Amino acid sequence: MPYGAVVQKLDTVMVSGTVKVAVLPEVMKSLNLEPGQTVDDEIGKKIIEENDRLTRAKN
């Protein structure tokens, strides 16, 4: 495990019913998502952007 890595449980959602994406708990709350939920491409892009923004802010 890399130095300084934060281990946490990530939930997943399905984007367009084909791609499983891991989502940070903070993003799940802010976008009102449920584990295993299927979302459209637009929400999928928001998830990826928010995951990226939050992980960069923590480093």
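Higher on the page you've got the structure.
As a starting point, this report considers the structure included with it. (Residues numbered from 1 in each chain as written. Predicted model: local features only at pLDDT ≥ 70, side-chain atom pairs only at ≥ 80, totals over all residues. Heavy atoms only, no water.)

Further remarks concern the overall build of the protein chain. Along the backbone of the protein chain there are 2 helices and 3 strands. Traced from its N-terminal end to its C-terminal end, the protein chain shows the element sequence β-β-α-β-α. In the protein chain, which comprises 59 residues, the proportion classed as buried is 22%. Across the protein chain, contacts joining residues at least 24 apart in sequence account for 40% of those joining residues at least 6 apart. (Helix = DSSP H or I, 4+ residues; strand = E, 2+ residues; numbered from the N terminus. Buried < 20%, exposed > 50% of the residue type's maximum accessible area, 1.4 Å probe, protein only. Contact = heavy atoms within 4.5 Å.)

For the coordinates displayed, the defined rule picks out 3 salt bridges. When the shortest N-O distance is used, the salt bridge between Arg56 and Asp52 registers 3.0 Å. In this pair, Arg56 and Asp52 are both assigned in helix α2 (residues 41–58), 4 residues apart and thus about one turn of the helix distant. Relative accessible area serves as the criterion here: at 60%, Arg56 is assigned to the exposed category. (Salt bridge = Lys/Arg side-chain N within 4 Å of Asp/Glu carboxyl O.)

Here 3 strands make up an open sheet; going across it, the order is β2-β1-β3 and the pairing mixed. At either margin of the open sheet sits one strand with a lone partner, and together these are β2 (19–23) and β3 (38–39). The sheet contact formed by strand β1 (residues 11–15) and β3 spans 2 bridges and is parallel. From the neighbouring strand, Val15 faces β3, where its bridge partner is Val39. (Pairing = 2+ DSSP bridges.)

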